[in-house]
Amino acid sequence: MKHDIRHSVAAALIASLFAAAQAPTADAAPIPTTTPISRADASFDAFKQSLVEAMLAQNPDWALQVGQYQHAPRLAIPDATADIAFAQKWLGQLARHPVGQLSESNRVDRALIDNHLRGLQWYRSQFRNHEWDPSEWNVGEGFSLLLTRDYAPLDARLMAISARLAQVPAYYAAAQRSLRRPTLEHTRLAIGQSNGVLALLGEPIESALGQSSLPDEHKATIRARASAARQAVHAWIAQLEASLPQLENGGARSFRIGPALYARKFAYDIQTDLTPTQLYRAALAEKDRLHAKMDTLAAQLWPKYFPEQPLPAERLDRIRHLIEKLSDQHVAAADFVSEVKRQIPQLEAWVRDKDLLTLDADKPLRVRETPLHKRGVAGASIDAPGPFDPAATTWYNVDPLDEKPAAEQESTLREYNHWMLQILNIHEAVPGHYTQLVYANRSPSVIKSLLGNGAMIEGWAVYAERMMLESGWGGGAPEMELIYAKWALRVACNTILDYGVHNLGMSEAQAMQLLRDEAFQQEAEANEKWQRAQLSQVQLSSYYSGFASIYRLREDLRTRDGERFSLKAFHERFLGYGSAPVKYIRQMMLR
Ligand code: ZN
Ligand code: ZN
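## Section: the coordination of the zinc ion (ligand 1)
Protein coordination of the zinc ion (ligand 1) is provided by His-427 (NE2), His-433 (NE2) and Glu-458 (OE), with donor distances spanning 2.0 to 2.1 Å. The sequence motif formed by the donor residues of the zinc ion (ligand 1) is H-x5-H-x24-E. The burial state of His-427 is the same as that of His-433; both residues are buried.

## A short note on the domain arrangement of the chain
For the chain, the assigned domains are domain 1 (10-127), domain 2 (134-255) and domain 3 (269-590). Taken over C-alpha atoms, the centre of domain 1 sits 32 Å from the centre of domain 3. Taken together, the contact pairs 23 residues of domain 1 with 21 residues of domain 3. When domain 1 packs against domain 3, close to 1,800 Å² is buried across both sides, 65% of that on carbon and sulfur atoms. Inspection of the domain 1/domain 3 interface yields 1 salt bridge. Asp-109 serves as the salt-bridge partner of Lys-448, at 2.8 Å between the closest nitrogen and oxygen. Taken together, domain 1 and domain 3 are joined by 6 residue pairs in polar contact (both at pLDDT 80 or more). Looking at the side of domain 1 that touches domain 3, the elements with two or more residues in it are helix H1 (8-15), helix H2 (37-58), helix H3 (60-65) and helix H5 (104-127). For the side of domain 1 that touches domain 3, the element with the highest residue contribution is H5, accounting for 11 residues. A class-by-class count of the residues in the side of domain 1 that touches domain 3 yields 14 nonpolar, 6 polar and 3 charged.

## Here we look at the sheet that holds strand E3 (residues 394-398)
One open sheet holds the 3 strands; their spatial order is E1-E3-E2, and the pairing between them is mixed. Every interior strand has two partners, whereas the edge strands, strand E1 (365-369) and strand E2 (380-383), have only one. Between one strand axis and the next, the sheet turns by 25° as a mean value, whatever way the strands run. Pairing geometry for E2 and E3, over 4 bridges, is antiparallel. Among the inter-strand pairings, Asp-383 is bridged to a residue of E3, identified as Trp-395.

## Quick look at the packing of aromatic side chains
Enumeration according to the criterion identifies 25 aromatic pairs in this entry. A ring pair is formed by Tyr-262 and Tyr-499, whose centres lie 6.1 Å apart and whose planes are at 90°; its orientation type is edge-to-face. Placement of Tyr-262 in helix H12 (residues 258-270) and of Tyr-499 in helix H21 (residues 478-503) is noted, with a sequence separation of 237 residues between them. Arranged with centres 4.2 Å apart and planes meeting at 20°, the rings of Tyr-280 and Tyr-499 form a pair that is stacked. Taken as a pair, Tyr-280 in helix H13 (residues 276-305) and Tyr-499 in helix H21 lie far apart in primary sequence, 219 residues in all.

Calculation rules
- Residues numbered from 1 in each chain as written.
- Chains lettered and ligands numbered in written order.
- Predicted model: local features only at pLDDT ≥ 70, side-chain atom pairs only at ≥ 80, totals over all residues.
- Heavy atoms only, no water.
- Donors = N, O, S within 2.8 Å, 3.2 Å for Na, K, Ca; no water.
- Buried < 20%, exposed > 50% of the residue type's maximum accessible area, 1.4 Å probe, protein only.
- Domains from an automatic or database assignment.
- Contact = heavy atoms within 4.5 Å.
- Buried area = accessible area lost by both parts, 1.4 Å probe.
- Salt bridge = Lys/Arg side-chain N within 4 Å of Asp/Glu carboxyl O.
- Polar contact = N/O pair within 3.5 Å; in protein donor to acceptor, adjacent residues only side chain to side chain.
- Helix = DSSP H or I, 4+ residues; strand = E, 2+ residues; numbered from the N terminus.
- Nonpolar A, V, L, I, M, F, W, Y, C, P; charged D, E, K, R; others polar.
- Pairing = 2+ DSSP bridges.
- Axes fitted to C-alpha atoms, helices over the stretch in contact; angles between N-to-C directions.
- Phe/Tyr/Trp six-rings, centres within 6.5 Å; stacked < 30°, edge-to-face > 60°.

Below, the structure written as structure tokens:
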């Protein structure tokens, strides 16, 4: 099971590629160089507001994600030409707001906007993943949000659903026209997820109609539109399935994007001062450091778990035997989701008792089984509502294990054993992603929330694990230390794998050697990670990149402030900047 996050910010990055034309004109006057700072900032604030309105108007799915609902009835059809024009136009406007006169916070916002718009141009003109990754074409999320998020009465939401359904055939017709030599791996993913979309457009809509008090003719229209929408998804699936034999016989694009595209994607997505190669080398060194630490722990634990057996001669053998032994301790498959639910209040109590940071008691987190249309990418993920509707429910999605084959269940359960499951919950929920997103949604800068940085977000969740253990979670038991080190090894190996697959031609056998033999992953975990390394690019590197820079910042501040350093104050101030790249938060905190 992979851990990942599907929240407003990640969705924003995806949905931003769906920006369409006709942005409203918002002509900000050029700023004379003599303008006082406050006027420059006021003018820039007005520019930001116009830009946000334009982006959300052209990205109804993104708007839905972040809790703005007036565009809900529109289903935008991705259009590369329109997106490039959109980015060009707004970059022109941005140029009228020079960096020099802006406040520090606005300078960061300006950098985020610049990176976002240039990234949009690059994605659409160079990366062009909407042409070779058919899983980019998926209407599921918008319908899922309209069905589950009760921002308006059900009948009003059903009218938005009805309007959207009417546009689904045009959407998939555009998808069919856009596809050029896709990869086999993304085609298979798209087939699986599109079957989830089919399911979503069937029973859940029918059941919502059952609870609705709309007039019968409206209901009949919605049923007819849902039927036509399902036919369009069927046709899309049929086209993808028909292409499989050709893709399997050498007609597919490689899933490896290569060093040139990788370096650019890394720059736009990660926004760090390190080059990909520097980060890769740091991750290799981290792997060595962790192996040495794990060996010490293994030697310490050996007599307790293997009193009759001599210590194996090979270091990796010693560690593996102990991890295998500890992995016997896990919950039953049927109890997996309920065990996740049980742990969340315990983590919240710990964070409060240890005074690690303030938790907002008003923001509900609810655990659920992952909806069908988004299973198969991450075993656990967070769906958060975003800055415009911060009171909406945040969901912790967990892929249920009951339906999987017995061997796969056992493998996943051993991976998410007694200790590892606690670390997963720290990462996804408290004080990881969920807590961070609550803070991000309170950030005074909507730009920092909307254009949030994935490496900061993942880095925080990974940092939270380490910080919880440092605060005494797990009682300092060497078992917890060892399993945590295995998790940290996974974080470093994510970077090694991602870089290796896309830059060095790392084979499946080499990847498995890394994940199973050197990172001690269970079969199911290693297989899924290999899938993800083929389906994603750069994202797997965000964890280690973000973690390393956050940890370094904290230690630098601790050294600088000495006795005056407060861990709680550090956490709250760090999170208070919103999901900005750590290099900018660093500048502001070291000021
Ligand atoms: Zn995560
Ligand atoms: Zn077992």
